[in-house]
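# Results of the structural survey
Given next are the chains, with one letter for each unit.
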Amino acid sequence: MRGKPGDEAMKRIFIKEEYCLGCRLCEIYCQVKHSKSKKIIKAFKEELVDVLPRVLVEEIGHNAFAIQCRHCVDAPCVAACISGAMQKNKNTGVVTCDEEKCVGCWSCIMACPYGAIKRDLVGRKIASKCDLCEDEDIPVCVKNCPNEALEFRDTGE
Amino acid sequence: MDKGNIMSNDSIDYLIIGNSASGLAAAESIRELDGQGRIVILTEEEYENYSKPLITYYLAGRISAGRIYLKEESFYRENNIGLLTGARVISINTGNNSLKTEDGRSFEYIRLLIASGGKPIVPEIRHSTAGKERKKNLERYIDGSNYGNIGGIFTLTTLKDAIAIKEYIGKNKIDNICILGGGLIGLKSAEAFLETGMKITIIELADRILAATFDREASGIIENTIRSAGNGIYTGNTIEEIFTDNGRISGCRLKDGSQIECGMLIIAVGVVPGISITRGTGIKTSRGILVDDHMKTSVKNVYASGDVVESMDILLGENRNIAIWPLAVRQGYVAGNNMAGGEKSYSGGFFMNSVEILGIPSVSMGLTNVEASGDGSVEVKKELKTDRRQYKKVVIRDNRISGLIMVGNIERAGIYAGLIKNRIDISGIKQDIFREDFGILHLPSNYRKHLVVGEGIEV
Ligand SMILES: Cc1cc2nc3c(=O)[nH]c(=O)nc-3n(C[C@H](O)[C@H](O)[C@H](O)COP(=O)(O)OP(=O)(O)OC[C@H]3O[C@@H](n4cnc5c(N)ncnc54)[C@H](O)[C@@H]3O)c2cc1C
């Protein structure tokens with residue numbers, strides 16, 4: 001696992017806008033990762049309509065930009081969360097939404113200045129956001145970016 | 001109930017009145033700086049910990065009583081925080097740094113935080129009874145002190161209220177509810193009752209519901225949605241008289257003469273800061289407790305935060321009571337930090353809220369009920385798609401966004417919140433702010449940089 005408890009330097013995703021081609025592979029790999037089967041072909045055929053990508057590619061003309069939760073130091077979504085579902089891990093600094101506790105009040109969507117949280121309306125209505133793929137060595141959006149427009153490294157570097 | 005090391009005669013390093021959003025945020029922030037100091041939280045309620053805004057979700061059956069907690073069970077133990085439930089503070093003596101609870105105990109503190117929130121208002125309403133009960137000597141008026149004596153009349157601001165309401169509905173097979181007050185709590189209750197298939201009637205004094213936070217168009221969409229599902233809304237109206245039958249509410253008569261039958265009445269006309277405990281203490285109050293940007297009151301070593309205070313509204317440039325969760329948390333955090341020797345300051349806030357009625361989500365923030373000014377300093381952009389029940393309005397004052405309403409589609413609403421909070425000059429992007437795909441790429445480049453530097457994005 002990455003980052004020891006208490007580590008000051010925590011790994012985060014950095015965005016290198018000038019390299020983003022707007023290919024949206026990050027979105028697809030994110031969807032697959034958060035699908036049930038986690039298999040790209042099966043997920044594509046049967047599940048993707050139901051799974052939201054938790055990274056979002058914005059595009060204006062030739063400018064493109066992939067953005068996911070920044071896991072803010074002073075996270076406004078955590079302060080705004082009325083249910084206690086949105087939590088910032090004290091050790092890793094990763095902000096996650098406990099989907100069992102979320103009631104879908106959308107306070108976090110209203111508070112996130114990056115617009116990085118979405119309404120997941122399939123099944124129970126809950127907030128959907130980047131979990132930094134905590135069970136992977138490298139988040140899948142970073143790993144599968146063909147142009148290295150996303151980078152995963154210590155915040156201190 | 002006592003949890004943690006409460007029983008000791010030493011002065012408590014950090015004594016906190018209030019076990020909710022603000023008090024708990026303060027305790028957490030104290031612990032960030034001071035791992036040892038003794039923290040004790042007092043609450044007048046019997047429940048150990050729950051999230052107040054979840055009580056309507058509990059009523060709707062969307063969350064169980066077991067999940068309504070705000071903090072994990074281990075929270076108090078892990079942070080070594082003492083909690084005393086059923087402890088209503090009745091007086092504070094700032095002369096000798098102590099306070100008293102209703103059950104006769106007293107506590108000494110080194111630093112005190114008042115995070116006691118708000119209390120519901122109950123207006124005086126005439127009361128008549130039907131049939132043989134007339135002879136009994138019943139009260140002619142209900143008010144805050146006696147409404148509980150009548151079955152089926154409730155306020156809805158605590159878990160205790162919600163549990164009692166749920167029980168009453170079950171026992172008396174209620175399917176028809178009047179809600180007095182079409183503000184936020186009224187609408188949050190409406191959201192819950194509608195979700196469980198009840199018929200509701202909202203009675204609102206203003207000429208429309210959500211009048212304080214929505215404009216006419218947005219209120220209209222919500223009103224139409226509620227009405228077309230077979231429910232009633234009476235605006236510019238109020239309850240003049242309630243009727244009871246066998247000690248239980250059976251209906252009411254409105255100012256315009258309409259008579260409505262109902263099995264239950266929820267009084268949701270508003271909440272006021274609970275400042276009565278500051279009487280005689282020298283702590284300065286107006287509508288709420290007055291605080292500076294470190295959440296200090298006018299009395300040394302006494303802090304206050306959350307729904308009980310008046311704090312800086314960055315859009316009005318003056319202090320006022322903005323009773324919402326995110327600000328209660330933020331202020332609690334700042335208060336705790338300063339109590340423990342930190343130097344964080346509160347940079348002010350603005351109103352924001354999200355409600356979903358019958359599947360229509362909505363968000364409103366800042367000053368929304370504003371029209372364009374003749375001199376061009378206030379601009380208003382709106383777009384109403386009546387058929388799709390979608391509406392969006394952006395209020396721009398001196399080239400800065402000062403208000404937003406989104407109904408139907410609320411995606412990425414927070415981007416606007418960021419622009420409001422940081423008072424970003426949007427003159428260069430006015431043509432973009434209404435785009436469907438409005439996003440980070442459209443933001444002024446300076447602000448985009450500011451957003452991303454330090455939080456992990458390189459642009
Ligand atoms: C039904 C409902 C729905 C809401 N929904 C939303 C929402 O969706 N979004 C939003 O932003 N806000 C919402 N709010 C408002 C939000 O709940 C408050 O802004 C927030 O709870 C304020 O937190 P607080 O800690 O300042 O005070 P409170 O939550 O009011 O807590 C006060 C604490 O002080 C204790 N206390 C009070 N007096 C005494 C005393 N004399 N002695 C001892 N203890 C005392 C109480 O027991 C309690 O623990 C809602 C409120 C209600 C009632």
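Owing to the predicted nature of the structure, the values given are computational and were not obtained by experimental measurement.

Below, the discussion takes up the site of the ligand. With respect to spatial proximity, 36 residues lie near the ligand, and among them Ser20(B), Thr43(B), Glu45(B), Val89(B) and Asp307(B) are the closest. Chains contributing residues near the ligand are chains A and B. Contact distances for the ligand include 2.6 Å between an oxygen atom and a side-chain N or O atom of Ser20(B). In this structure, an oxygen atom belonging to the ligand sits 2.9 Å away from a main-chain N or O atom of Ser22(B). For the ligand, the accessible surface in isolation is 1000 Å², of which the surrounding protein chains cover 95%. Of all elements in the fold, only helix H1 (21-33), helix H2 (55-59), strand E8 (118-120), helix H5 (184-195) and helix H7 (325-339) of chain B reach the threshold of two or more residues within the shell around the ligand. If you tally residues by element for the shell around the ligand, the top one is H7(B), at three residues. Looking at the shell around the ligand residue by residue, the classes come out as 17 nonpolar, 12 polar and seven charged. Of the residues that make up the shell around the ligand, three or more belong to each of domain 1 (2-52 + 69-118 + 272-339) and domain 2 (122-269) of chain B.

It is worth spelling out the interface of chain B and chain A at this point. With 46 residues of chain B at the contact, the number on the chain A side is 44 residues. For the pair chain B and chain A, the summed buried area comes to about 3800 Å², and 54% of that belongs to carbon and sulfur atoms. For the interface between chain B and chain A, the tally reads eight salt bridges. The salt bridge involving Glu356(B) is made with Arg119(A); its shortest N-O contact spans 3.9 Å. Across the contact surface, chain B and chain A share 19 residue pairs in polar contact (both at pLDDT 80 or more). Breaking the side of chain B that touches chain A down by element, the ones donating at least two residues are H7, strand E24 (352-357), strand E25 (360-366), helix H8 (413-421) and helix H9 (445-452) of chain B. Class assignment for the residues of the side of chain B that touches chain A results in 25 nonpolar, 10 polar and 11 charged.

Moving on: the sheet that holds E24(B). All names here are of chain B. As summarised here, the arrangement of the five strands in space is E24-E25-E28-E27-E26, forming an open sheet in which the pairing is antiparallel. Each end of this open sheet is capped by a strand with a single partner; those strands are E24 and strand E26 (378-385). In this sheet, neighbouring strand axes are inclined to one another by 10 degrees on average, regardless of whether the strands run parallel or antiparallel. Across the sheet, H8 touches E24, E25, strand E27 (390-397) and strand E28 (400-407), and the angle it forms with E28 is around 160 degrees.

Conventions we followed
- Residues numbered from 1 in each chain as written.
- Chains lettered and ligands numbered in written order.
- Predicted model: local features only at pLDDT ≥ 70, side-chain atom pairs only at ≥ 80, totals over all residues.
- Heavy atoms only, no water.
- Near = heavy atom within 4 Å.
- Polar contact = N/O pair within 3.5 Å; in protein donor to acceptor, adjacent residues only side chain to side chain.
- Areas by Shrake-Rupley, 256 points an atom, 1.4 Å probe, with all protein chains shown as cover.
- Helix = DSSP H or I, 4+ residues; strand = E, 2+ residues; numbered from the N terminus.
- Nonpolar A, V, L, I, M, F, W, Y, C, P; charged D, E, K, R; others polar.
- Domains from an automatic or database assignment.
- Contact = heavy atoms within 4.5 Å.
- Buried area = accessible area lost by both parts, 1.4 Å probe.
- Salt bridge = Lys/Arg side-chain N within 4 Å of Asp/Glu carboxyl O.
- Pairing = 2+ DSSP bridges.
- Axes fitted to C-alpha atoms, helices over the stretch in contact; angles between N-to-C directions.

In short, geometric facts, not functional conclusions.
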